[in-house]
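Single-letter residue listing:
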Amino acid sequence: MNVSDFRSDTVTKPSPAMRRAMAEAEVGDDVLDGDPTVRRLEERVARLLGKDGAMFVPSGTMANQIALGVWTRPGDEIVIERSGHMVTWEGGAPGFLHGVQTLTLHSESGQLDPAEVQSVIRMKSPHCPRTALVCVEQTFMGSGHAAGGRVLPRENLEGVRAVAREAGIPVHMDGVRLFNAAVASGIEARTWATSADSVSVCLSKGLGAPVGSLIAGDRDFLERAVPVRKRLGGWMRQAGILAAAGLFALEHNVERLAEDHALAQTLAKALHGRGGLTCPPGEVETNIVFVQVGHPAYDAPKLSAALKEQGVLVLPLTPRALRFVTHLDVGEEDILRLTRALDQIL
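Residues numbered from 1 in each chain as written. Predicted model: local features only at pLDDT ≥ 70, side-chain atom pairs only at ≥ 80, totals over all residues. Heavy atoms only, no water.

1. Concerning helix α8 (residues 178-185)
Turning to step 1, where the next piece is worked out: In terms of burial, α8 is largely enclosed, as six of its eight residues are buried.
Turning to step 2, where the next piece is worked out: By the burial criterion, the buried members of α8 are L178, F179, N180, A181, A182 and V183.
Turning to step 3, where the next piece is worked out: Tucked inside the fold, the buried residues of α8 contact α2 (36-49), β6 (171-174), α9 (189-193), β7 (198-202), α11 (240-252) and α12 (257-271).
Turning to step 4, where the next piece is worked out: Of the residues one or two after α8, G186 is the one with positive phi, at around 80 degrees. (Buried < 20%, exposed > 50% of the residue type's maximum accessible area, 1.4 Å probe, protein only. Helix = DSSP H or I, 4+ residues; strand = E, 2+ residues; numbered from the N terminus. Contact = heavy atoms within 4.5 Å.)

What follows is the structure, encoded as structure tokens:
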């Protein structure tokens with residue numbers, strides 16, 4: 001059975017052209033002498049983000065955790081939206097790996113209120129943790145209670161950045177889908193990146209590479225990041241094979257993200273109001289569609305299981321919310337399969 005997989009934009013397979021680029025990549029030992037293809041990828045991403053440099057790592061989670069390892073010390077506190085990826089979907093890594101605690105703020109759209117951020121920054125006291133880092137996410141995924149893939153407004157990010165800078169606190173941007181934000185807004189990634197001291201980006205989501213993320217920042221940040229990556233096991237050897245896929249993705253798959261955004265709109269329009277499902281198309285900004293399940297006989301896990309039997313894969317995020325993600329390996333025919341399956345089930 002052919003399968004329509006809407007669970008994530010991480011399920012994409014490398015294209016034949018990307019595989020050729022990987023097979024032909026110039027490689028070296030990235031730990032000993034440096035891998036030339038990795039270096040080209042790091043330089044390319046640093047230019048795209050307007051930072052001094054970038055570091056290639058296996059995953060987005062590792063990129064974010066390297067940032068935490070650089071900016072914090074045990075006993076510190078970070079400020080983050082309560083459903084942000086770093087605090088919700090990274091296995092409790094901030095506390096487990098770095099001994100930091102999280103102060104979480106709530107926003108349906110993912111926008112931290114600069115005034116609220118300012119109000120929770122700790123005073124200097126031996127009785128209080130040090131506020132060490134403010135974390136933002138672009139695009140903002142959320143946890144299923146509001147539309148995902150939201151593009152945080154630049155004025156909001158700049159407001160948070162200004163508050164943090166005044167307090168002498170760095171800002172980290174979890175930008176795993178930053179290129180989606182750039183394409184959707186028409187604002188270059190380097191402009192978005194000015195709102196943060198460190199930025200992570202992912203190559204294995206909508207860009208279609210099989211593996212890899214990067215963490216970017218200034219020279220001092222990157223020097224301090226080297227031992228953190230070592231401790232987390234992020235050193236790789238002939239990683240140019242993977243870096244070549246990332247270079248190909250940046251060259252060929254960024255602008256086409258607009259197609260994923262358009263398909264997400266098509267999906268939302270097809271599902272909104274169908275059989276007790278709710279997903280207002282006006283709330284869909286990029287490639288993520290949260291669908292609230294209001295059918296009396298199905299919650300999200302049951303509906304996901306029923307769709308799987310029809311060859312459609314989707315991710316239940318809460319008892320009443322499904323997440324659909326569009327990407328380069330799904331198209332109009334997959335939307336048709338989905339709607340036919342839903343009509344049969346519901």
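2. Quick word on the packing of aromatic side chains
Turning to step 1, where the next piece is worked out: Considering all chains together, one arrives at two aromatic pairs under this definition.
Turning to step 2, where the next piece is worked out: Across from the ring centre of W235, 4.1 Å away, lies the NZ or CZ of R229, which sits over that ring. (Phe/Tyr/Trp six-rings, centres within 6.5 Å; stacked < 30°, edge-to-face > 60°. Lys NZ or Arg CZ within 6 Å of the ring centre and 35° of its normal.)

3. Notes on the packing of helix α3 (residues 60-71) against helix α10 (residues 219-231)
Turning to step 1, where the next piece is worked out: Direction vectors running N to C along α3 and α10 enclose 110 degrees, while the axes themselves pass 9 Å from each other. The orientation of α3 relative to α10 falls into the category roughly perpendicular. Pair α3 / α10 crosses with right-handed handedness. In this structure, α3 uses Q65, I66, A67, G69, V70 and W71 to contact α10, whose residues at the interface are F221, R224, A225, V228 and R229.
Turning to step 2, where the next piece is worked out: Its residues assigned to classes, the contact of α3 with α10 shows seven nonpolar, two polar and two charged. (Axes fitted to C-alpha atoms, helices over the stretch in contact; angles between N-to-C directions. Parallel < 35°, antiparallel > 145°, perpendicular 65-115°, else oblique. Left-handed = near helix turned anticlockwise from the far one by under 90°. Nonpolar A, V, L, I, M, F, W, Y, C, P; charged D, E, K, R; others polar.)

4. Topic: the state of the cysteines
Turning to step 1, where the next piece is worked out: What the rule picks out here adds up to zero disulfides.
Turning to step 2, where the next piece is worked out: Of the cysteine sulfurs around C135, a residue in no disulfide, the closest is that of C202, at 17 Å.
Turning to step 3, where the next piece is worked out: Among the residues examined, C135 registers a relative accessible area of 3% and is labelled buried. (Disulfide = S-S within 2.5 Å.)

5. Comments concerning the side chain of R161
Turning to step 1, where the next piece is worked out: Looking at where R161 falls in the secondary structure, it is placed in helix α7 (residues 154-166).
Turning to step 2, where the next piece is worked out: A relative accessible area of 10% places R161 in the buried class.
Turning to step 3, where the next piece is worked out: Not counting residues within four places of it along the chain, the set of residues in contact with R161 comprises V171, T194, S195, A196 and D197.

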